[in-house]
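Coordinate inspection notes
Okay, here's what each chain looks like letter by letter:
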Amino acid sequence: MDFRRDQGLGTRNLIKRLLIANRGEIAVRIIRACREAGIESVAAYSDADERAVHVLAADRAVHLGPAPATDSYLSVRKIIEAARTSGADAIHPGYGFLSENPALAGACAQAGLTFVGPPADVIAKMGSKIGARRLMERAGVPVVPGVTPSDQSDAGIVSAIESVGLPALVKPSSGGGGKGMRAIRALDEAWEAVAAARREALASFGDGTLYVERLVQRPRHVEIQIFADAEGHAVHLFERECSVQRRHQKIIEESPSVAVTPALRARMGEAAVAAARAAGYRNAGTIEFLLEGTGDDAGFYFLEMNTRLQVEHPVTEAVAGVDIVRAQLDVAGGASLPWTQETLVQRGHAIEARVYAEDPANDFLPQAGQILLYREPSGPGVRVDSGITGGSEVTVHYDPLLAKVVAFAESRDAAIARAAAALREYPILGIRTNVAFLGAILAHPSFRAGEISTAFVDERIDELVGADGIPPEVEAAARAYRQRDTTAVDVPTPGPFGHARPEGRAYSAPPDPWTALTGWGR
């Protein structure tokens, strides 16, 4: 029997050795998928990540350079060189870093390497929000009413604001994460807002091109996971609700959305697949929509396309019963899609909470330092994707995302209860985190009732932010024990394929007395 076909997986994979051009939890996630697929994994790492979990988990590891991302993870030249040095025949970019940079995909093509993602021209086409918007209009996908003025002077943008009407939103053509966006509710704010938006867009993306949209007030942020192969097959894997955000950064994601009915889901899914086809898409991607209203007749508008794997892909994996990363590897390796639209079915409910090294009580200031104590929650329906362990160093050089807690259950109420319980059983000592903040969101009556929008956190920030609940004496005790013995032991460490990692080192953690404790009070 062909086991791969029997399991609904691809039957052909030309990838033998994969370089992961990323770090942290997503690198570990990809390594696990490689192990299941029989693909050798190669970790790329900077000076700051020499002892990182993803480096020790991979079959091989290649040093990129100094800690700053511009000298390591963001260097296309060094990534391609690392692939050649390690003998990799493919590169997976993960998310962030170079994942949506067409230069990496183009360099892979020139070097004869398989890029696990869409072609370079598709990334470039969808990376321009103005270009993507025009493409969606031609494809019949709903877009927010707006205008892209040919006159890109400040006066031209202000004139566009007047034509669109207030409230309006000024947005940069390039980039994401809310950078360069300005909401304008009065015309006397327009000139200053336009100038500020252009400055931030230039500083962040090197492109000051702006466009103007009608400001959709109190929308939901609902995205559709899509997947396409080289043979022209395309499907959607349903929706994710991503409305709980802080400064345009998602915090809690879930699937399905309480605001999406079966009829609306069908309409949004069809629009997302149409968008993928119009872009000539291949591999995994996401179409993000703003949702206005609820019910069968709710309005939805194209926001942007993420031409990569999303941070929140685990919630889709849970409710659809699929392995998106494994499918990425199969499709990139030449296989056709492992599913048809008819075979994909939603079941149950999944919630993901993003755990960050940040201090909610201090305006969410990113934190750095050593993890003194780290214990992941477990149990039925609980999944934790992380790239840290006890003794890990969290640096200032990279995004402060530490882990993702995913809870799956038969209903939304049960999933919320399971996620909240997991967060209560998730001690991380040594640095401040947002674990208690996430718990406060899950416990809030409005969240539990599904009454959320992209303004949910901003409108309730004082209710949600409080102390982290960890007694200072516990922090002090953890630090003292961690400092008792930080000696690393050098031992040969072959990976699962028998190949020793460069320098052949593994690192032992010091004796951990915390395993004998049963609670803070003991």
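Going by the structure above, here's the rest.
Residues numbered from 1 in each chain as written. Predicted model: local features only at pLDDT ≥ 70, side-chain atom pairs only at ≥ 80, totals over all residues. Heavy atoms only, no water.

Turning our attention to the overall build of the chain. Looking only at helices and strands, the chain features 17 helices and 23 strands. Within the chain, contacts between residues at least 6 apart in sequence are counted, and of these 67% link residues at least 24 apart. For the chain, the computed accessible surface area is about 21200 Å², with 50% contributed by carbon and sulfur atoms. (Helix = DSSP H or I, 4+ residues; strand = E, 2+ residues; numbered from the N terminus. Contact = heavy atoms within 4.5 Å. Areas by Shrake-Rupley, 256 points an atom, 1.4 Å probe, with all protein chains shown as cover.)

Whether parallel or antiparallel, the strands of a sheet pair through hydrogen bonds between backbone atoms. The strand order across the open sheet built from eight strands is S14-S13-S10-S11-S12-S15-S22-S20, with neighbouring strands paired in antiparallel fashion. Lying at the two open borders of the sheet, with one neighbouring strand each, are strand S14 (299–306) and strand S20 (382–386). Strand after strand, the sheet turns through a mean of 25° between neighbouring axes, direction not considered. As paired elements, S20 and strand S22 (residues 401–409) share five bridges and run antiparallel to each other. By the bridge assignment, Val384 is partnered in S22 with Val405. Packed on one face of the sheet, helix H2 (residues 24–37) meets S20 and S22 and runs near 115° to S20. (Pairing = 2+ DSSP bridges. Axes fitted to C-alpha atoms, helices over the stretch in contact; angles between N-to-C directions.)

Cis geometry is adopted by the peptide bond preceding Pro167, which originates at Leu166 and carries an omega value of -5°. Note on placement: Pro167 falls in the loop between helix H8 (154–164) and strand S7 (168–172). For the bond from Ser255 to Pro256, the omega torsion is 0°, close enough to zero to count as cis. Looking at the element boundaries, Pro256 is found in the loop between strand S12 (249–255) and helix H10 (262–279). Despite not being glycine, Arg218 has its phi angle at roughly 50°, a positive value. With respect to the helices and strands, the residue Arg218 is situated in the loop between strand S9 (210–214) and strand S10 (220–228). Residue Arg218 is classed as exposed on the basis of its relative accessible area, which comes to 51%. The phi angle at His248 is positive, at roughly 65°, despite the residue not being glycine. With a relative accessible area of 47%, His248 lands in the partly exposed category. (Buried < 20%, exposed > 50% of the residue type's maximum accessible area, 1.4 Å probe, protein only.)

Read across the sheet, four strands follow the order S6-S9-S7-S8 without closing on themselves; strand pairing throughout is antiparallel. Bordering the open sheet on either side are strand S6 (146–147) and strand S8 (182–184), each of which pairs with just one other strand. Summarising the sheet, S6 and S9 pair through two bridges and their orientation is antiparallel. The residue of S9 that forms the bridge with Gly146 is Glu213.

In this model, helix H13 (residues 412–424) (13 residues) spans 18 Å end to end at C-alpha, consistent with the 18 Å of a helix rising 1.5 Å per residue. For H13, the set of buried residues is Arg412, Ala415, Ile416, Ala419, Ala420, Ala422 and Leu423. Down the axis of H13, the buried set is contained in an arc of 160°. They therefore lie on one face. Across H13 from its buried face, at more than 90 degrees, point the exposed residues Asp413 and Arg424. (Expected span 1.5 Å × (residues − 1). Arc of directions from axis to C-beta.)

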